[in-house]
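Each chain is listed here by its residues.
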Amino acid sequence: MKYGIAIFPSKNLQDKVNSYRKRYDPHYALIAPHITLKEPFEATEEELQDQISYISSVAQNINPFSIMINKVGSFHPVNNAIYLKVNEAEELSSLHDQLYSGPLEHQQPYNFVPHLTLGQKLSDEEHSDVLERLRMIDIEHKERIDRFQLLYQLDNGSWTVYETFRLGKGV
């Protein structure tokens, strides 16, 4: 089965992101707005149990943290994705790095750029037009992150939560 690990932000932020994703992201119906911590990976049921124990210990050792979003970015020319850039927090980077080690270790397909996708798979012309419009929007958002989710992919391609992990000890 295919799994992934992500942070789902507040409903308020998800609603803002979805107002753009409806028009510009073909994956809109497959998963809610999220910050990808670990790209999709395959695991057997047996492997998954070891991985969940490991993920749980990682979560306990990282305290809740704040994220700040204040600009729109793009992965162009690698691909035509447009996103809200999440300013890197030390805890966020540490969480990401730890989720690529131990029983979850495998090659990372890209450098970690924390973000919330607004649009993807756009033509070059559409990408340029949408990016310029979105860069004019005043975006200033800060919120506290205290959990993240292990997800699994359903047969129809959509993603759903398998388990939620709270950050910090004694939570």
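Look a little higher up for the structure.
What you see is a predicted model; the values in this text were computed from it and never measured.

A. Representation of the overall build of the protein chain. Along the backbone of the protein chain there are four helices and eight strands. Counting helices and strands in the order they occur from the N terminus, the protein chain gives β-α-β-α-β-β-α-β-α-β-β-β. A compact globule built from 171 residues should have a C-alpha radius of gyration of about 16 Å, and the protein chain, at 16 Å, falls within 12% of that. Expressed as lengths along the three principal axes of its C-alpha atoms, the size of the protein chain is roughly 45 × 35 × 25 Å. Burial statistics for the protein chain: of 171 residues in total, 44% are counted as buried. Of the roughly 9300 Å² that the protein chain leaves accessible, carbon and sulfur atoms contribute 46%. Distance between charge centroids for the protein chain: 7 Å, based on 17 positive and 24 negative side chains.

B. Spotlight on the packing of aromatic side chains. Under the defined criterion, the tally for this structure stands at five aromatic pairs. Plain terms: the ring middles of tyrosine 3 and phenylalanine 41 are 6.0 Å apart, the flat faces sit at 35° to each other, and that makes the pair tilted. Placement of the pair is tyrosine 3 in strand β1 (residues 2-7) and phenylalanine 41 in strand β2 (residues 35-42), with a sequence separation of 38 residues. Like phenylalanine 41, tyrosine 3 is buried. Judged by centre distance (6.0 Å) and plane angle (90°), the ring pair of tyrosine 3 and tyrosine 162 falls under edge-to-face. In this pair, tyrosine 3 is assigned in strand β1 and tyrosine 162 in strand β8 (residues 159-166), connecting sequence segments 159 residues apart.

C. Structural view of the sheet that holds β2. Reading across from one edge, β2-β1-β7-β8 is the order of the four strands in this open sheet, with antiparallel pairing throughout. Of all strands in the sheet, those bounded by a partner on one side alone are β2 and β8. Taking each pair of neighbouring strands and ignoring which way they run, the sheet shows an average axis angle of 20°. As defined by bridge partners, β1 adjoins β2 across five bridges and the pair is classed as antiparallel. Residue pairing across strands places lysine 2 opposite glutamate 42, the latter belonging to β2. Contacting β1, β2, β7 (147-153) and β8, helix α2 (residues 45-60) crosses the sheet at an angle of about 40° to β8.

The rules we used
- Residues numbered from 1 in each chain as written.
- Predicted model: local features only at pLDDT ≥ 70, side-chain atom pairs only at ≥ 80, totals over all residues.
- Heavy atoms only, no water.
- Helix = DSSP H or I, 4+ residues; strand = E, 2+ residues; numbered from the N terminus.
- Rg over C-alpha atoms; globule rule 2.2 N^0.38 Å.
- Buried < 20%, exposed > 50% of the residue type's maximum accessible area, 1.4 Å probe, protein only.
- Areas by Shrake-Rupley, 256 points an atom, 1.4 Å probe, with all protein chains shown as cover.
- Lys, Arg positive; Asp, Glu negative; His and termini not counted.
- Charge placed at Lys NZ, Arg CZ, Asp CG, Glu CD.
- Phe/Tyr/Trp six-rings, centres within 6.5 Å; stacked < 30°, edge-to-face > 60°.
- Pairing = 2+ DSSP bridges.
- Axes fitted to C-alpha atoms, helices over the stretch in contact; angles between N-to-C directions.
- Contact = heavy atoms within 4.5 Å.

Treat this as a map of the structure, not an account of what it does.
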